[in-house]
Amino acid sequence: DVSANMKSLSALEQSAIKLQASGPDLGALMRTVGLDDWPNEPFDVRAEMQRSGKLLDITEAQMNVAGIRANLTAEMSDFPHLSDGRANINIQGENIQQFQDLLKLPDSINGNFSLLGNLDMAEDGSNTVELELVTDLAQASLSGSLGKAPSYDGSRFEFQASGDRVGRLLSAAGLEGRS
């Protein structure tokens, strides 16, 4: 069930979309639009969003597939740039391995996980970013501030990771041997 209201399909700069879709095979659906590597699992997707010029408002975006639940809300005033925006994401799953091909993860990355993310505005007008990842392997967090778009020069982040198998997680992220 999809409803959309837009002035031009080519630009999508003035649009309102409300989407609800479910089916037996997300992988087959995604391949019809040229996107490979999605799991061949039942899915349920719901989204409601509006765009007016550079303002993008994602009131609700939810996806459930292969034991993974994802929720996103966002208000971006300078879309497609992240600066001057707010967003929250929450992804939780029973086994990240279902998305191994899509995310290009090694076989050693598997099990339960959760990812919480927040983009917000600080009192000084800068954007703050916070991400927290918890897996069966390790826990990791990233926090900091974004510089101004489009280059994001001046961005500063702090990364922390801990856990018995943190080396596997860092290796999969390409951060092995860095400090």
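For clarity, every value in this text was computed on a predicted model and none was experimentally measured. (Residues numbered from 1 in each chain as written. Predicted model: local features only at pLDDT ≥ 70, side-chain atom pairs only at ≥ 80, totals over all residues. Heavy atoms only, no water.)

Asker: What exactly am I supposed to notice about the confidence of the model for the chain here?
Answerer: Here the chain averages 85 in pLDDT, and 89% of its residues register 70 or above. Strand S1 (residues 2-6) is the least confidently modelled element of the chain, averaging 54 in pLDDT, while strand S5 (residues 68-76) averages 95, the highest of any element. (pLDDT = per-residue confidence, 0-100. Helix = DSSP H or I, 4+ residues; strand = E, 2+ residues; numbered from the N terminus.)

Asker: Looking at this structure, how should I read the layout of surface pockets?
Answerer: A water-sized probe, rolled over the atoms, reveals where empty space remains. Within this model, the largest pocket holds a volume of roughly 850 Å³. Surrounding the largest pocket, 34 residues form its lining, Ile96, Leu103, Phe113, Leu115 and Leu133 being those nearest its centre. Elements with a contribution of two residues or more to the lining of the largest pocket: strand S4 (55-65), S5, strand S6 (85-93), helix H2 (100-103), strand S7 (113-121), strand S8 (127-135), strand S9 (139-146) and helix H3 (166-172). In terms of residue class, the lining of the largest pocket is made up of 27 nonpolar, 6 polar and 1 charged. Size it by volume and the second largest pocket reaches roughly 250 Å³. Lining the second largest pocket are 16 residues, with Leu82, Ala87, Ile89, Asn118 and Leu119 positioned closest to its centre. Looking at the lining of the second largest pocket, the elements that each hand over two or more residues are S4, S5, S6, S7 and S8. (1 Å grid on protein atoms, 1.4 Å probe; cavity = no way out; pocket = protein on both sides within 12 Å on 5 of 7 lines; lining within 4 Å. Points joined across faces, edges and corners; volume = space filled by probe spheres on them. Nonpolar A, V, L, I, M, F, W, Y, C, P; charged D, E, K, R; others polar.)

Asker: Could you clarify how one ought to interpret the pattern of salt bridges in this entry?
Answerer: A side chain of one charge can pair with a side chain of the opposite charge when the charged atoms of the two come close. For the structure on display, the rule yields 4 salt bridges. Between Lys148 and Asp84 there is a salt bridge; the shortest N-O distance is 3.2 Å. Of the two residues, Lys148 is situated in the loop between S9 and strand S10 (156-162) and Asp84 in the loop between S5 and S6; the sequence distance between them amounts to 64 residues. (Salt bridge = Lys/Arg side-chain N within 4 Å of Asp/Glu carboxyl O.)

Asker: I'm lost on the nonpolar core in this one. Help?
Answerer: Here is a general trend for soluble globular proteins: nonpolar side chains tend to be buried in one another's company. Within the largest apolar cluster, 17 residues are counted, with the highest numbers of intra-cluster contacts made by Leu26, Phe43, Val65, Ile68, Ile91, Phe99 and Phe113. Of all the secondary-structure elements, those providing two or more residues to this core are helix H1 (26-32), strand S3 (43-52) and S5. Residue contacts for Phe113: discarding those within four places in its chain leaves Ile68, Ile91, Gln92, Gly93, Asn95, Ile96, Val134 and Thr135. Membership of the second largest hydrophobic core comes to 10 residues, among which are Ala47, Ile58, Ala74 and Ala87. (Core = buried A, V, L, I, M, F, W, Y, C linked by side-chain atoms within 4.5 Å. Buried < 20%, exposed > 50% of the residue type's maximum accessible area, 1.4 Å probe, protein only. Contact = heavy atoms within 4.5 Å.)

Asker: Is there a simple way to explain unusual backbone geometry in this structure?
Answerer: Among all residues except glycine, the phi angle is most often negative; among peptide bonds, the trans geometry is most common. Backbone torsion omega between Phe79 and Pro80 reads 15°, so that peptide bond is classified as cis. Within the element layout of this structure, Pro80 appears in the loop between S5 and S6. Put simply, Ala149 and Pro150 share a cis peptide bond, and its omega is 5°. Inspection of the secondary structure puts Pro150 in the loop between S9 and S10. The residue Asp37 is not glycine, and still its phi comes out positive at about 75°. Note that Asp37 resides in the loop between H1 and S3. Given the relative accessible area of 34%, Asp37 is considered partly exposed. With a phi close to 60°, Asp84 is a non-glycine residue in the positive phi region.

Asker: Can you help me understand the pairing of S7 in this one?
Answerer: Side-chain direction in a regular strand flips from residue to residue, so the side chains alternate between the two faces of the sheet. Pairing between S6 and S7: 7 bridges, direction antiparallel. Counterpart to Gly93 in the pairing with S7 is Phe113. Pairing of S7 with S8 involves 9 bridges; the strand directions are antiparallel. Pairing of Leu115 across the sheet is with Leu133, part of S8. Two successive antiparallel strands, S7 and S8, enclose a turn made up of 5 residues, where Gly125 displays a positive phi of approximately 90°. (Pairing = 2+ DSSP bridges.)

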